[in-house]
Amino acid sequence: MCSGGFAKCLGISLMPLAIVCVLCNILLFFPGGTSVDSKHITVEVWYFGGILGSGVLMIFPALVFLGLKNNDCCGCCGNESCGRRFAMLSSILFAGVGVLGAGYSVIVSSVAINHGPMCFFEKNETEKVWGTPFSNGDYLSNKTFWTLCQEPKDVVSWHLSLFAVLLVMGLIQMALCAVQVVNGLLGALCGDCCGGGDGN
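K.L.:
Can you tell me about the packing of helix α1 (residues 3–27) against helix α2 (residues 49–67), naming the residues and giving the values?
P.N.:
The angle between the axes and the distance between the axes are what describe a pair of packed helices. With their axes 8 Å apart at the nearest point, α1 and α2 run at an angle of 160° to one another. Here α1 lies roughly antiparallel to α2, going by the angle between them. The handedness of the crossing between α1 and α2 comes out as left-handed. The segment α1 lies against α2, with Ala7, Lys8, Leu10, Gly11, Ile12, Leu14, Met15, Ala18, Cys21, Val22, Asn25 and Ile26 engaging Gly49, Gly50, Ile51, Ser54, Gly55, Met58, Ile59, Ala62, Leu63, Phe65 and Leu66. Residue composition of the contact of α1 with α2, by class: 16 nonpolar, six polar and one charged.

K.L.:
Residues and numbers for the pairing of strand β2 (residues 128–131), please.
P.N.:
Covered by surrounding structure in β2 are Val129 and Gly131 only, the residues Lys128 and Trp130 on the alternate face being uncovered. Bridging between strand β1 (residues 119–122) and β2 involves four bridges; their strand directions are antiparallel. Residue pairing across strands places Glu122 opposite Lys128, the latter belonging to β2. Between β1 and β2, which pair antiparallel and follow one another directly, the connecting turn spans five residues.

K.L.:
I'd like a description of the packing of aromatic side chains, backed by residues and values.
P.N.:
Within the structure shown, the criterion is met by five aromatic pairs. Each ring, one from Trp46 and one from Phe48, has its centre 6.3 Å from the other, and the planes form 90°; the classification is edge-to-face. Looking at Phe48, the relative accessible area reads 28%, which means it is partly exposed. Linked through ring pairs, Phe29, Trp46 and Phe48 together constitute an aromatic cluster.

K.L.:
Summarise the state of the cysteines; cite the residues concerned and give the values.
P.N.:
Within this structure, the stated rule accounts for one disulfide. Bridging Cys119 to Cys149, the disulfide has an S-S length of 1.9 Å. Across the S-S bond of Cys119 and Cys149 the torsion is about -65°, and the bridge reads as left-handed. On the criterion of sequence distance, the pair formed by Cys119 in strand β1 and Cys149 in strand β3 (residues 149–151) is long-range, its members being 30 residues apart. You'll find Cys119 and Cys149 in the same group, each marked buried. A disulfide-free cysteine, Cys21 has its sulfur positioned 6.5 Å from the sulfur of Cys24, the nearest such atom.

K.L.:
Explain unusual backbone geometry to me, and be specific about the residues and the numbers.
P.N.:
Here the bond from Glu151 into Pro152 is cis, since omega is -15°, no more than 30 degrees from zero. Among the structural elements, Pro152 can be located in the loop between β3 and α4 (155–190). Positive phi, close to 55°, is recorded for Phe48, a residue that is not glycine. Residue position: Phe48 is located in the loop between α1 and α2. The phi dihedral of Asp154 falls on the positive side, at around 60°, and the residue is not glycine. Turning to its location among the elements, Asp154 is positioned in the loop between β3 and α4.

Rules used throughout
Residues numbered from 1 in each chain as written. Predicted model: local features only at pLDDT ≥ 70, side-chain atom pairs only at ≥ 80, totals over all residues. Heavy atoms only, no water. Axes fitted to C-alpha atoms, helices over the stretch in contact; angles between N-to-C directions. Helix = DSSP H or I, 4+ residues; strand = E, 2+ residues; numbered from the N terminus. Parallel < 35°, antiparallel > 145°, perpendicular 65-115°, else oblique. Left-handed = near helix turned anticlockwise from the far one by under 90°. Contact = heavy atoms within 4.5 Å. Nonpolar A, V, L, I, M, F, W, Y, C, P; charged D, E, K, R; others polar. Buried < 20%, exposed > 50% of the residue type's maximum accessible area, 1.4 Å probe, protein only. Pairing = 2+ DSSP bridges. Phe/Tyr/Trp six-rings, centres within 6.5 Å; stacked < 30°, edge-to-face > 60°. Disulfide = S-S within 2.5 Å.

This is the structure in structure tokens:
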């Protein structure tokens, strides 16, 4: 497969991943599937890892990759393949943007999973407060801790599931963009179709 066609496949793969990440981030604004006061939403949700990092910043590389197959940039210096080589080279920059965006989402998701959700819990025998009752991911290995969160209902599993999806999607996006860096280098060095002539 030619490098332009392969880049198009990567772009097609990135689009649904970006949409899933945006949806996950939006759902995190409704902990446990319920509407709560904005100050009771987990802090990491407001960092918009899924919307900005794995969403908006991933749309740009995806669109560029989708257009590479037919992009010859009108040729240059009398050589039709020169424009395609330049387009493949420029795709490396957009792949870098994608890696940064997905990396941001992965970091935010990792921190959020480690901290746990914000919920209404019993601080002591006389006081109930909104906060994060977990520390250093201690709730991950001990499911009995999940009962500490009294409201919203099932907020721990909601928080953990959605941020885990964001984490996995971000890692996949980083891998796909890293593959495009290699693909872009190959396309820039030896043309759109290595060993088969440029653009054929």
